[in-house]
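Examining the three-dimensional arrangement
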Amino acid sequence: MAQLTAYGKDVKKRLIDIGQSQEWLAGQVREKTGLFCDTAYLYKILIGERNPPSIVSAINEIMHLGKEDK
């Protein structure tokens, strides 16, 4: 099983803090960007397999993660 990156851990911790799921986050990203994002794709971002700038930017905005958290 792949390990979460530091960024992935930050996102997961924030999801726990706000009481939301990865499914919720994927839906928020789709709504904000109009781009494809499901939980499998989100997982690939959290483990560092994918790094799409527009989706990562949307995640940062939705999760209120600053540049220092990347």
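Summary of the structure given here. (Residues numbered from 1 in each chain as written. Predicted model: local features only at pLDDT ≥ 70, side-chain atom pairs only at ≥ 80, totals over all residues. Heavy atoms only, no water.)

Observations concerning helix H1 (residues 6-18)
With 13 residues, H1 ought to run about 18 Å at 1.5 Å a step, and its terminal C-alpha atoms sit 19 Å apart, in line with that. For H1, the set of buried residues is Tyr7, Gly8, Val11 and Leu15. Down the axis of H1, the smallest arc covering the buried residues is 100 degrees, so these residues share one side. For H1, the exposed residues lying more than 90 degrees away from the buried face are Ala6, Lys13, Ile16 and Asp17. Packing partners of the buried residues in H1 comprise helix H2 (22-33), helix H3 (39-46) and helix H4 (53-63). (Helix = DSSP H or I, 4+ residues; strand = E, 2+ residues; numbered from the N terminus. Expected span 1.5 Å × (residues − 1). Buried < 20%, exposed > 50% of the residue type's maximum accessible area, 1.4 Å probe, protein only. Arc of directions from axis to C-beta. Contact = heavy atoms within 4.5 Å.)

Observations concerning the packing of H3 against H4
For any two helices packed against each other, one specifies the inter-axial angle together with the distance between the axes. Closest axis-to-axis distance for the H3/H4 pair is 12 Å, and the angle between their directions is 90 degrees. One way to sum up the angle between H3 and H4 is to call them roughly perpendicular. Listed contacts from H4 to Tyr41, Leu42 and Ile45 of H3 are Ile55, Val56 and Ile59. The residue makeup of the contact of H3 with H4, split by class, is six nonpolar, no polar and no charged. (Axes fitted to C-alpha atoms, helices over the stretch in contact; angles between N-to-C directions. Parallel < 35°, antiparallel > 145°, perpendicular 65-115°, else oblique. Nonpolar A, V, L, I, M, F, W, Y, C, P; charged D, E, K, R; others polar.)

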